[in-house]
Amino acid sequence: MIAALLLLIAVAAPFVLYPVFLMKVLCFALFACAFNLLIGFAGLLSFGHAAFFGGAAYIAAHTVKVWGWAPEFGLLAATAVAGLMGLVFGLIAIRRQGIYFAMITLALSQMVFFLALQLPFTHGEDGIQGVPRGTLFGLFDLGQPLTMYYTVLAIFVAGFALIWRTVHSPFGQVLKAIRENEPRAVSLGYRTDRYKLVAFVLSASLAGLAGGTKALVFQLASLTDVTWQMSGEVVLMTLLGGMGTLFGPVVGAGLVVTLESYLASTSLPVPVVIGCIFVVCVLVFRRGIVGELLARLPKRGN
Amino acid sequence: MVSLLGIPPQVLFGQLLLGLINGSFYALLSLGLAVIFGMLNVINFAHGALYMVGAFVAWLLLTYAGVGYWGALIVAPLVVGLLGILLEKSMLSRLYKLDHLYGLLLTFGLALILEGAFRHQYGVSGQPYPIPDALKGGQNLGFMFLPNYRAWVVVASLTICFGTWFAIERTKLGAYLRAATENPTLVQAFGINVPVMVSLTYGFGVALAGLAGVLAAPIYQVSPLMGTNLIIIVFAVVVIGGMGSILGAIVTGLGLGLLEGLTKVFYPEASNIVVFVVMAIVLLIKPAGLFGRER
């Protein structure tokens, strides 16, 4: 019911708000939802998700611009490469837990940052500029802002539905069990490392899909998207909206993107404001906005 | 001209010296992180920012108060240490009962605030900081030229590293500290004020970062971004060395600095990522790190 209403609002939104802004929100919302799949449902804090987001943006930009691929194949390649990177990262990082896991993913993503800085195809500081949006399936001209918007919306809804399905599947239940008490899940006979790895790859792929889409929307893949500050930003979006809630990351992403575009026109330094929100969230507001709301609602039987 | 493996010795030793200096900074910073982690179980993400603050305090003291390098070497770590104690008392101490991840997230926010504020105030271009008069010039060692200041940095940080190691592993105070990391309630019952000890430990750990900042100021420029990328390398150092280990932090820091220097000679393109590659390999073979214990 609520979902249908929200979808209706999303469909009507570009007639009221600036489509590029909305597309940015949607890309980051998908990114945050993908991240939340790990932290919120499997209890894994990855501090390296920018590597998948930004790395996939480079892949989409390169395949579409230099190799002349159609946008759908560019996005597919971006998602696949991000998933592959997720597999490699996951195989290394899942051997440790908690903060170790966070630091290892952070260090690995910094490696990707340096690669993006040095590899010839990424063009260093310039990034890949002027990426053509192309024609989706040879039918829809993505140069039209509204067509692009509805494509991004469709991608977001598909990604969100996949996450929804995952969370509400037996697989998702096992992930929650691992989050709550991993030794117990192990003693019940689950090979928890496998579950965590699959969740990691899925999350990385979806983060890559978000990054590839962002590259098409802004026709640009740049270093900003691979920095560790970007990994931090997605943590903030999830934390602010509510970790472990399905809609939390969407709300968080919307708020952070809105705040940043508002602050850009003021003289306030953006990182300081973002940092303050971070600190406040961690100190007094750990459930996030949607989390607080859900906690205040009367309990329903499941 | 003798050459080693086709590389002129000046180049080789020059890079090794640079590597040793970077390694000293890695060691000092990862030592502070290890001390804080051992006691508080917090990964101090603000460590790089506090290193930057140390360098800036030195620069501000010189620019506005006329206090020179030697004064800054004492004052800046104290300022950073006090700032650390303040942060620990007001914020970090509220999070100990929760998942350790919240400590990481809080300090991440603090790092954003500190770096953003200095960047807003002083811009991204670095401020030069002069080498103190007593340490100008250098020695000609025959095979290479050794600037005095750089030799001082290596000696000073090694002394501090081994002093800290000695204090923690071989003195009574260190024994209390180690005992408190194992069982705080029991140590408290012996009449030791554990919360104060925790605050002081955090203060000491970040004071080490501040000190590293002052040492770094004359070599690198004093810039708001100086801690940003360094901190991630230091995290990798800590992971490779094994989180619990003080000795691991020192040895790995120096070793990786040297390895980075060598990579710069033989394959410069890889020098930025060699630390992370080593981390990946070490983790695959020994998940607890080289000196770490599996917890």
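Residues numbered from 1 in each chain as written. Chains lettered and ligands numbered in written order. Predicted model: local features only at pLDDT ≥ 70, side-chain atom pairs only at ≥ 80, totals over all residues. Heavy atoms only, no water.

## Here we look at the overall build of chain A
Looking only at helices and strands, chain A features 13 helices and 4 strands. Rg of the C-alpha trace for chain A: 19 Å, near the compact-globule value of 19 Å for 302 residues, within the 12% margin. Dimensions of chain A, computed from the C-alpha atoms along their principal axes, are close to 50 × 40 × 40 Å. Per element, the accessible surface of chain A, about 13,000 Å² overall, is 69% carbon and sulfur. A distance of 13 Å separates the average location of the 18 positive side-chain charges in chain A from that of its 11 negative side-chain charges. (Helix = DSSP H or I, 4+ residues; strand = E, 2+ residues; numbered from the N terminus. Rg over C-alpha atoms; globule rule 2.2 N^0.38 Å. Areas by Shrake-Rupley, 256 points an atom, 1.4 Å probe, with all protein chains shown as cover. Lys, Arg positive; Asp, Glu negative; His and termini not counted. Charge placed at Lys NZ, Arg CZ, Asp CG, Glu CD.)

## Examining the nonpolar core
The biggest cluster of nonpolar side chains holds 205 residues, and the ones touching the most others in it are Leu45, Phe47 and Phe278 of chain A together with Leu104, Leu105 and Met279 of chain B. The leading source of residues in this core is helix H2 (residues 19-39) of chain A, at 16 residues. With sequence-adjacent residues up to four places away left out, phenylalanine 278 of chain A is seen in contact with Gly232, Val235, Leu236 and Leu239 of chain A together with Leu105, Phe108, Gly109 and Leu112 of chain B. (Core = buried A, V, L, I, M, F, W, Y, C linked by side-chain atoms within 4.5 Å. Buried < 20%, exposed > 50% of the residue type's maximum accessible area, 1.4 Å probe, protein only. Contact = heavy atoms within 4.5 Å.)

## Quick notes on a nonpolar patch on the surface
Residues Met1, Ile2, Leu5, Leu6 and Ile9 of chain A make up a contiguous nonpolar surface patch of roughly 600 Å² in combined accessible area. As for its placement among the helices and strands, methionine 1 of chain A is situated in the segment before helix H1 (2-12). (Patch = residues over 30% accessible without salt bridge, like charges linked within 9 Å, V, L, I, M, F, W, Y side chains within 5 Å. Salt bridge = Lys/Arg side-chain N within 4 Å of Asp/Glu carboxyl O.)

## Thoughts on helix H5 (residues 148-170) of chain B
The end-to-end C-alpha distance of H5 of chain B is 32 Å, a good match for the 33 Å that 23 residues give at a rise of 1.5 Å each. Taken together, the buried positions of H5 of chain B are Asn148, Tyr149, Val153, Val154, Ala156, Ser157, Cys161, Thr164 and Ile168 of chain B. (Expected span 1.5 Å × (residues − 1).)

## Comments concerning unusual backbone geometry
A positive phi is found at glutamine 219 of chain A, a non-glycine position, where the angle reads about 55 degrees. Following the sequence through the fold, glutamine 219 of chain A ends up in the loop between helix H9 (192-218) and strand S4 (220-221). Here asparagine 41 of chain B, not a glycine, exhibits a phi torsion of approximately 60 degrees, which is positive. Its place among the elements puts asparagine 41 of chain B in the loop between helix H1 (9-40) and helix H2 (47-65).

## Here's the deal with the interface of chain B and chain A
At the interface, 43 residues of chain B touch 39 residues of chain A. Summing both sides of the interface, chain B and chain A together bury roughly 3,900 Å²; the carbon and sulfur share of this comes to 81%. In terms of surface lost to chain A, no three residues of chain B exceed Leu101, Leu105 and Phe108 of chain B, which account for 14% of the buried area on that side. Counting across the chain B and chain A interface gives 0 salt bridges. (Buried area = accessible area lost by both parts, 1.4 Å probe.)

## Thoughts on the pattern of salt bridges
Residue and element names in this part refer to chain A. Applying the stated criterion across every chain, the model contains 6 salt bridges over all chains. A salt bridge links glutamate 182 to lysine 196; the nearest nitrogen and oxygen atoms lie 3.1 Å apart. Here glutamate 182 is found in helix H8 (residues 182-187), whereas its partner lysine 196 is found in helix H9, with 14 residues between them in sequence. Considered together, glutamate 182 and lysine 196 belong to a single accessibility category, that of buried residues. The shortest N-O distance in the salt bridge between arginine 296 and glutamate 292 comes to 3.4 Å. Placement of the pair is arginine 296 and glutamate 292 together in helix H13 (residues 288-296), with a separation of 4 residues, close to one helical turn. Since its relative accessible area comes to 68%, arginine 296 is described here as exposed. By relative accessible area, glutamate 292 is classed as buried at 15%.

## Structural notes on the environment of alanine 77 of chain A
Residue and element names in this part refer to chain A. Tracing the backbone shows alanine 77 in helix H4 (residues 71-93). Using a relative accessible area of 16% as the deciding quantity, one classes alanine 77 as buried. Those residues within four positions of alanine 77 in sequence are excluded, and the remaining contacts are Ile59, Thr63 and Trp69.

## Regarding the packing of aromatic side chains
Per the stated rule, a full pass over the model turns up 33 aromatic pairs over all chains. Both rings, one in phenylalanine 114 of chain A and one in phenylalanine 276 of chain B, keep their centres 6.4 Å apart while their planes meet at 25 degrees; by these two values the pair is stacked. Remark: phenylalanine 276 of chain B occurs in helix H11 (residues 274-285) and phenylalanine 114 of chain A occurs in helix H5 (residues 98-118); the pair is interchain, linking two chains. Grouping residues by exposure puts phenylalanine 114 of chain A and phenylalanine 276 of chain B together as buried. Seen from their ring centres, phenylalanine 56 of chain B and tryptophan 59 of chain B are 6.0 Å apart, and the 80 degrees between their planes marks the pair as edge-to-face. With phenylalanine 56 of chain B and tryptophan 59 of chain B both in helix H2, this residue pair falls 3 residues apart, about one helical turn. Both residues of the pair, phenylalanine 56 of chain B and tryptophan 59 of chain B, count as buried. Grouping aromatic residues by their ring pairs yields a cluster made of Phe47, Trp228 and Phe278 of chain A together with Phe45, Phe108 and Phe235 of chain B. Its guanidinium or amino end placed over the ring of phenylalanine 218 of chain A, lysine 214 of chain A lies 5.5 Å from that ring's centre, counting from NZ or CZ. (Phe/Tyr/Trp six-rings, centres within 6.5 Å; stacked < 30°, edge-to-face > 60°. Lys NZ or Arg CZ within 6 Å of the ring centre and 35° of its normal.)

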